[in-house]
Amino acid sequence: MKKTILRFLPVIILLFASPAALMANNNPVVATGGGFGIESLFRGMLGMAFIMFIAWVFSTNRKAISWRVVGTGLIIQLILALAILYVPFVQSIFDVLGKIFVKILGFSDAGAKFLFKSLVSGEIEQPLLNFAITILPTIIFFSGLTSILFYFGIIQRVVFWLAKGMTKLLKISGAESLSVAGNIFLGQTESPLMIKAYLEKMNRSEIMLVMSGGMATLAGGVLAVYIKVLGGGDPIQELIYAKHLLAASIMAAPGVIIISKMLVPQTEKISKEVEVPKDKIGKNVLDAISNGTTEGIKLAVNVAGMLLVFIALIAMMNFILLKIGDWTTLNTVIAAATDGQYSGLSLEFILGYIFAPLMWVLGVGSQDIDLVGRVLGEKLIMTEFIGYVSLGELKEAGAFMHEKSVIMATYVLCGFANFASIGIQIGGIGALAPGKRVLLSQLGVRALLAGTLASLLSATVVGMILG
């Protein structure tokens, strides 16, 4: 552990040497927060300690936890966050990546415009400028694009080098590292396809990390959607949130390894070999585009149906809760206590105030803790899609007192950690490794906890640095 800290010490000293100078960078990811200081350091350390404590409490073998791996992972997350936020060279890389994402979003808009334009004016009619027309086509386009990149082996090469680094630094098996690295680009059921030959031979700790990695990261297709949701059609805002969403997904990789290996520590021998499978999606590039488009259509229809049902359920729940609030006079009490922010008893109010204390511990500004707590609750019991849509609406309405709270919420929501994902993983990974289906069901809730804690850890680190 000491050797690990000493190895990274020069980098940490360099990055912390002059916070004011670093924050004076002419091209920050976003101008927010009061800057790094004693208070933000204390809040950040408190938040990280609390997250580590929760993972320790729910560990299956506390004595087997490798604190060296935990320390290394935390240092990697800290360096990643500082580099992404304040180091010009790294910022320029994320700036380019963000611009690529925003540019590609424009291409998907061109396809949507062709499909839905008016035969009279040649433009999309104003009433049609809604979620279905502007957001869902993005999923289909990015799914097809991902298939092309996979067919030409580009994603595999990037995943290979990321996996190599994680295997060496964090002492995990080659198969685990491939799955976690793959999750940065692929979905929670697509990434395990890269290691399907190893799944049946994996031990309990390895399977736990495969599941947790899927819970903690976002696939490229939905990443693009959230850029649009949070950007609100403004190219500058889209670029800002493209950088943060990319950063959140990358930072989740070391974070989820820390948490997963605390919850279910590695006690058996593992293979460090990293070998990317040669399988391609489709017989040729046109077949790959066709397969990717088909999968994208399925995902877009699934997202549309899911949003319709969950938003309708929220409306129904709020109707019932408001009636209860009327009968018990709770609506009047809540409206007065929250200065009209909440009109009465609602699901948003309940979720917001359940998770508000946790958000304060993690470093969210006191005025915004219920709002960030609310979107976290929506993500857990529904989906991150609902959470990001709510975050976009709250941001657009100017509900947040601190811009830092919106940034932290972006990291909090990063990942597929919700109760529905447990079933998705049991079905998806279980189909690839039928012999592990019972183990998958046993580890489902723990994987959900790991994915959630990993996202909270990233948010805490970023919030501490922003100040």
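An unreviewed UniProt entry lists the chain under the name CNT family concentrative nucleoside transporter, with Marinilabilia salmonicolor given as the organism. As its UniProt record puts it under Subcellular location (unreviewed entry), the chain is described as follows: "Cell membrane". The UniProt entry for the chain carries the following text under Sequence similarities (unreviewed entry): "Belongs to the concentrative nucleoside transporter (CNT) (TC 2.A.41) family."

This brings us to the overall build of the chain. A tally of regular secondary structure across the chain gives 21 helices and zero strands. Every one of the 467 residues in the chain was classed for burial, and the buried ones make up 55%. Considering only contacts in the chain between residues 6 or more positions apart, those separated by 24 or more positions represent 79%. Carbon and sulfur atoms provide 69% of the accessible area of the chain, an area that totals close to 20,500 Å².

Positive phi, normally seen in glycine, also occurs at K171, with a value near 55°. Residue placement: K171 occurs in the loop between α8 (154-170) and α9 (174-183).

One full turn of an α-helix is made of 3.6 residues, so residues set three or four places apart face in the same direction. Between its first and last C-alpha, helix α3 (residues 38-57) extends 28 Å over 20 residues, near the 28 Å set by a 1.5 Å rise per residue. Along α3, the residues classified as buried are S40, R43, G44, G47, M48, I51, M52, I54 and A55. The buried residues of α3 occupy one face: seen down the axis, they fall within an arc of 165°. Among the exposed residues of α3, those pointing more than 90 degrees away from its buried face are I38, E39 and F42. Among the structural elements, α4 (67-86), α13 (235-263), α16 (347-362) and α21 (437-466) are those in contact with the buried residues of α3.

With that settled, the discussion passes to the packing of aromatic side chains. Here the structure, examined in full by the defined rule, presents five aromatic pairs. A ring pair is formed by Y151 and F152, whose centres lie 5.3 Å apart and whose planes are at 85°; its orientation type is edge-to-face. Ring centres 4.2 Å apart and planes at 25° place the aromatic pair Y226 and Y388 in the stacked group. You can see Y226 sitting in helix α12 (residues 220-231) and its partner Y388 sitting in helix α18 (residues 384-396), a full 162 residues away along the chain.

A few words now on the confidence of the model for the chain. On average, residues of the chain score 79 in pLDDT, and 83% of them reach the 70 mark or higher. Here residues 1-31 is a poorly scored stretch, pLDDT under 50, and it has 47 contacts once near neighbours within four places are set aside; other chains count.

Assignment of secondary structure puts I314 in helix α14 (residues 285-328). With 34 residues separating them in the primary sequence, I314 and E348 have C-alpha atoms 8.9 Å apart. Not counting residues up to four positions away in its chain, the partners in contact with I314 are L347, E348, M382 and I386.

Here G430 shows up in helix α20 (residues 419-432). For G430 and L440, which are ten residues apart along the polypeptide, the C-alpha to C-alpha distance reads 7.3 Å. Beyond its immediate sequence surroundings of up to four residues, G430 is in contact with Q425, R437 and L440.

Following the sequence through the fold, S390 ends up in helix α18. Residues in contact with S390, not counting those within four places in the same chain, are R374, V375 and E378.

With that out of the way, let us pick up the environment of L347. Within the element layout of this structure, L347 appears in helix α16. C-alpha of L347 to C-alpha of N318: the two residues are 29 residues apart in sequence and 6.0 Å apart in space. Residues within four places of L347 in sequence aside, it is in contact with I314, N318, L321, I381 and M382.

We now examine the packing of α13 against α21. At a minimum axis separation of 8 Å, α13 and α21 run at an interaxial angle of 130°. Our classification of the angle between α13 and α21 gives oblique. When you trace α13 past α21, the crossing you get is right-handed. On α21, the residues touching M251, A252, G255, V256, I258, I259 and L263 of α13 are R446, L449, A450, L453, A454, L457, S458, V461 and V462. Residues that form the contact of α13 with α21 fall into these classes: 13 nonpolar, two polar and one charged.

On to the pattern of salt bridges, then. Inspection of every chain in the model, using the stated rule, returns two salt bridges. Taking the shortest distance from any N to any O, the salt bridge between K261 and E176 comes out at 2.5 Å. One end of the pair, K261, is in helix α13; the other, E176, is in helix α9, with 85 residues separating them in the sequence. Pair check on accessibility: K261 and E176 agree, each one buried. Between E378 and R374 there is a salt bridge, with the nearest N and O atoms lying 3.3 Å from each other.

Moving on, we come to helix α19 (residues 403-412). Burial analysis of α19 places nine of its ten residues in the buried class, the great majority of the element. Among all positions of α19, only K404, S405, V406, I407, M408, A409, T410, Y411 and V412 are buried.

Conventions adopted
- Residues numbered from 1 in each chain as written.
- Predicted model: local features only at pLDDT ≥ 70, side-chain atom pairs only at ≥ 80, totals over all residues.
- Heavy atoms only, no water.
- UniProt positions renumbered as here; feature names shortened; annotations may be inferred.
- Helix = DSSP H or I, 4+ residues; strand = E, 2+ residues; numbered from the N terminus.
- Buried < 20%, exposed > 50% of the residue type's maximum accessible area, 1.4 Å probe, protein only.
- Contact = heavy atoms within 4.5 Å.
- Areas by Shrake-Rupley, 256 points an atom, 1.4 Å probe, with all protein chains shown as cover.
- Expected span 1.5 Å × (residues − 1).
- Arc of directions from axis to C-beta.
- Phe/Tyr/Trp six-rings, centres within 6.5 Å; stacked < 30°, edge-to-face > 60°.
- pLDDT = per-residue confidence, 0-100.
- Axes fitted to C-alpha atoms, helices over the stretch in contact; angles between N-to-C directions.
- Parallel < 35°, antiparallel > 145°, perpendicular 65-115°, else oblique.
- Left-handed = near helix turned anticlockwise from the far one by under 90°.
- Nonpolar A, V, L, I, M, F, W, Y, C, P; charged D, E, K, R; others polar.
- Salt bridge = Lys/Arg side-chain N within 4 Å of Asp/Glu carboxyl O.

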